[in-house]
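An overview of the molecular structure
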Amino acid sequence: MLPALDLDFVRSQFPALNGDWVFFDNAGGSQTLRTVADRISDYLLTSNVQLGASYSVSQRSGERVRDAHAVIAEFIGASRPEEVVMGPSTTALMYTLSAALAEQIDAGDEIIVTDCDHEANIGPWLKLKERGAAIKVWATNPETLELDLADLDALMTPRTKLVCFTHASNILGTINPVAEITRFVHERGARVVVDAVALAPHRAAEVTEWDVDFYVFSFYKVYGPHHAVLYGKYDQLLALPSLNHFFIGRTVVPYKLQQGNVNYELSVGCTAIADYLVELGTRTGTQSGRRTQILAGFDAIAQQEEILAERLLAYLRGRDDVAIIGHTHGDRAKRVPTISFVARGRQSDDIVTKVDASNIGIRFGDFYARRLIERLDLTSRKGVIRVSMVHYNTVDEVDRLVQALDGAL
């Protein structure tokens, strides 16, 4: 066991936590680190000029944006800064990747998507039907609500080019074994595209170790601004066409995929997220380098979040009028603390709006995983009730939610 997180320190880094509200809608967007806002402000107030000029302020601005790519590469475990493509959102980056990969897709090639992903990792691949691609669906097991490799094996053929899946479901909270799935897919000659949005606030990315081809998530779910990152193996990014101006060629990675350019200030602001994880790792006693400290920081996060998840799940398991959608225990190896449930005989919005009155932010709906909600036949119930926690939440806040749910249920 690692030392417990210093929650006084953690919560002091998020100014929004000083108010009256409890934030349990973190999978929709986490609260933002003060240091992220400070760094964005500092960039805008001291070096907000166009890159590439000869004068010193422009040179300094360019250094800061280049450093941002390097820090984010370190944060996700990439091997070089050029493997980091940034953009406004995961959805936008997925559409960028789909458009770029289109030239590699021939009529009859197959793309596999799941039925449990956010639409960001489904819709862009359906667009490739226009090039004659065949789309197959890797469905969750109806008993376990997990993705089964045997089912994937039955779908794959020599024409399969891509398997697109989520690292963690934003409804179920289930963590999929990304390294195992990637190895399985590579052995059959295809590539993977992984949506990590629901996993990234909770676990460290290790993209090189996992051997993933493409890996995407949004920083506004990871304590930062509305900005996102697409990781791609360098040789695979190099092989893609340029989607930028005609004079920005195929070899200009990652700029060729960052149409116009990245948002400078948000890119610089995101470097503070990595520094925060380094600090969390240092506070566990880890002194052996930034990357190791980042991993230790995420381990401490997972330990705290397991306690929170089990606290809520234990309460829900004890009620006979509630059905948990996903794993029913808080085991950090199997799930993140994104917990969905329905109340028998009740509409999900009715429960959530009653909880609102207690100044606790939870949510109902399909959360853009509409295909899963439809498959579970929960559309008429207004989707699920979702409580999504992160490490800065406390046991006392969970208990406050339990009290509110008692009144609402």
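Note that the coordinates shown come from a computational prediction; the quantities given were computed from them, not determined experimentally.

Before going further, it helps to spend a moment on the overall build of the protein chain. Helix and strand counts for the protein chain come out as 14 helices and 13 strands. Of the contacts formed within the protein chain by residues at least 6 apart in sequence, a portion of 68% connects residues at least 24 apart. As displayed, the protein chain offers around 16300 Å² of accessible surface, 50% of which is attributable to carbon and sulfur atoms. On the protein chain, the mean spot of the 41 positive side-chain charges and the mean spot of the 52 negative ones are 3 Å from each other.

Moving on, we come to the environment of Phe 214. If you trace the backbone, Phe 214 turns up in strand S7 (residues 214–218). When its relative accessible area of 0% is taken as the criterion, Phe 214 is described as buried. Each C-alpha atom of the pair Phe 214 and Gly 232 lies 4.5 Å from the other, and the pair is 18 residues apart in sequence. If we skip the residues at most four places from it in the chain, Phe 214 touches Leu 97, Leu 101, Arg 191, Val 192, Val 193, Val 194, Leu 230, Tyr 231, Gly 232, Gln 236 and Leu 237.

Now for helix H12 (residues 348–356). Every buried residue of H12 is accounted for by Ser 348, Asp 349, Ile 351, Val 352 and Val 355. On an axial view of H12, the arc spanned by its buried residues comes to 160°, and they lie on one face. The secondary structure elements touched by the buried residues of H12 are strand S10 (338–343), strand S11 (360–361), strand S12 (363–365), strand S13 (384–388) and helix H14 (395–408).

Attention shifts here to empty space enclosed by the protein. Rolled over the atoms, a probe as big as a water molecule pinpoints where empty space is left. As enumerated under the stated definition, the model contains three cavities of 30 Å³ or more in all. What the largest cavity holds in volume is close to 60 Å³. If you go around the second largest cavity, the residues you meet are Cys 116, Thr 140, Leu 145, Glu 146, Leu 147, Thr 166, Ser 169, Leu 172, Thr 174 and Asn 176. Its residues assigned to classes, the lining of the second largest cavity shows four nonpolar, five polar and one charged.

Bringing the UniProt feature "domain: Aminotransferase class V" (unreviewed entry) in the protein chain into the picture now. UniProt records the feature "domain: Aminotransferase class V" (unreviewed entry) for residues 22–401 in the present numbering. For residues 22–401, the end-to-end C-alpha separation is 9 Å, with 38% helix and 15% strand making up the annotated structure.

Counted according to the given criterion, the structure contains 11 aromatic pairs. When the ring of Phe 75 is compared with that of Phe 298, the centres are 6.0 Å apart and the planes differ by 45°; the resulting orientation is tilted. One end of the pair, Phe 75, is in helix H3 (residues 56–76); the other, Phe 298, is in helix H11 (residues 290–317), with 223 residues separating them in the sequence. Per residue, the accessibility class of Phe 75 equals that of Phe 298, and both read buried. On the basis of an interplanar angle of 70° and a centroid distance of 6.5 Å, the ring pair of Tyr 223 and Tyr 276 is categorised as edge-to-face. On the criterion of sequence distance, the pair formed by Tyr 223 in the loop between S7 and strand S8 (228–232) and Tyr 276 in helix H10 (residues 264–283) is long-range, its members being 53 residues apart. Across the pair, exposure class does not vary: Tyr 223 and Tyr 276 are buried alike. Three or more aromatic residues link up through ring pairs in this structure, and these residues are Phe 14, Tyr 223, Tyr 276 and Tyr 392.

Between H10 and H11, the shortest axis-to-axis distance is 7 Å and the interhelical angle comes to 75°. In this view, H10 runs roughly perpendicular relative to H11, as classed from their interaxial angle. Each of Ala 274, Asp 275, Leu 277, Val 278, Leu 280, Gly 281 and Thr 282 in H10 lies in contact with H11, whose residues at this interface are Arg 290, Gln 293, Ile 294, Ala 296, Gly 297, Phe 298 and Ile 301.

This model, assessed by the stated rule, comprises 31 salt bridges. Ionic pairing is found between Arg 311 and Asp 399, a salt bridge with its closest N-O pair at 2.8 Å. Placement of Arg 311 in helix H11 and of Asp 399 in helix H14 is noted, with a sequence separation of 88 residues between them. On the accessibility criterion, Asp 399 (30% relative accessible area) is partly exposed.

All right, on to the sheet that holds strand S9 (residues 322–325) then. Taken together, the four strands give an open sheet; going across it, the order is S9-S10-S13-S12, and neighbouring strands pair in antiparallel fashion. A single partner strand is all that each edge strand has here, and the edge strands are S9 and S12. Strand-to-strand twist across the sheet, computed as the mean angle between neighbouring axes with direction ignored, equals 35°. Judged from the three bridges that link them, S12 and S13 form a sheet pairing that is antiparallel. In the sheet register, Gly 365 faces S13, and the bridge partner there is Val 384.

Our focus in this paragraph is the domain arrangement of the protein chain. By a frequent convention, interface size equals the accessible area lost on bringing the separate parts together. On domain assignment, one finds that the protein chain holds domain 1 (7–31 + 302–408) and domain 2 (37–273). The straight-line distance from the C-alpha centre of domain 1 to that of domain 2 is 27 Å. Counting residues at the interface gives 35 residues for domain 1, matched by 29 residues for domain 2. Roughly 2400 Å² of surface becomes buried between domain 1 and domain 2 when both sides are summed, with 53% attributable to carbon and sulfur atoms. Contact with domain 2 buries surface across domain 1, with Arg 371, Leu 372 and Arg 375 losing the most and accounting together for 25% of the total. In this structure, the connection of domain 1 to domain 2 is made through three salt bridges.

Time to look at the packing of H3 against H10. As a packed pair, H3 and H10 sit with axes 8 Å apart at the nearest point and diverge in direction by 40°. As the angle between them shows, H3 and H10 are arranged oblique. For the pair H3 and H10, the sense of crossing is left-handed. Each of Arg 64, Val 65, Ala 68, Val 71, Ile 72 and Phe 75 in H3 lies in contact with H10, whose residues at this interface are Tyr 264, Ser 267, Val 268, Cys 270, Thr 271, Ile 273, Ala 274 and Leu 277. Tallied by class, residues from the contact of H3 with H10 come to 11 nonpolar, two polar and one charged.

Conventions and cut-offs
- Residues numbered from 1 in each chain as written.
- Predicted model: local features only at pLDDT ≥ 70, side-chain atom pairs only at ≥ 80, totals over all residues.
- Heavy atoms only, no water.
- Helix = DSSP H or I, 4+ residues; strand = E, 2+ residues; numbered from the N terminus.
- Contact = heavy atoms within 4.5 Å.
- Areas by Shrake-Rupley, 256 points an atom, 1.4 Å probe, with all protein chains shown as cover.
- Lys, Arg positive; Asp, Glu negative; His and termini not counted.
- Charge placed at Lys NZ, Arg CZ, Asp CG, Glu CD.
- Buried < 20%, exposed > 50% of the residue type's maximum accessible area, 1.4 Å probe, protein only.
- Arc of directions from axis to C-beta.
- 1 Å grid on protein atoms, 1.4 Å probe; cavity = no way out; pocket = protein on both sides within 12 Å on 5 of 7 lines; lining within 4 Å.
- Points joined across faces, edges and corners; volume = space filled by probe spheres on them.
- Nonpolar A, V, L, I, M, F, W, Y, C, P; charged D, E, K, R; others polar.
- UniProt positions renumbered as here; feature names shortened; annotations may be inferred.
- Phe/Tyr/Trp six-rings, centres within 6.5 Å; stacked < 30°, edge-to-face > 60°.
- Axes fitted to C-alpha atoms, helices over the stretch in contact; angles between N-to-C directions.
- Parallel < 35°, antiparallel > 145°, perpendicular 65-115°, else oblique.
- Salt bridge = Lys/Arg side-chain N within 4 Å of Asp/Glu carboxyl O.
- Pairing = 2+ DSSP bridges.
- Domains from an automatic or database assignment.
- Buried area = accessible area lost by both parts, 1.4 Å probe.
- Left-handed = near helix turned anticlockwise from the far one by under 90°.

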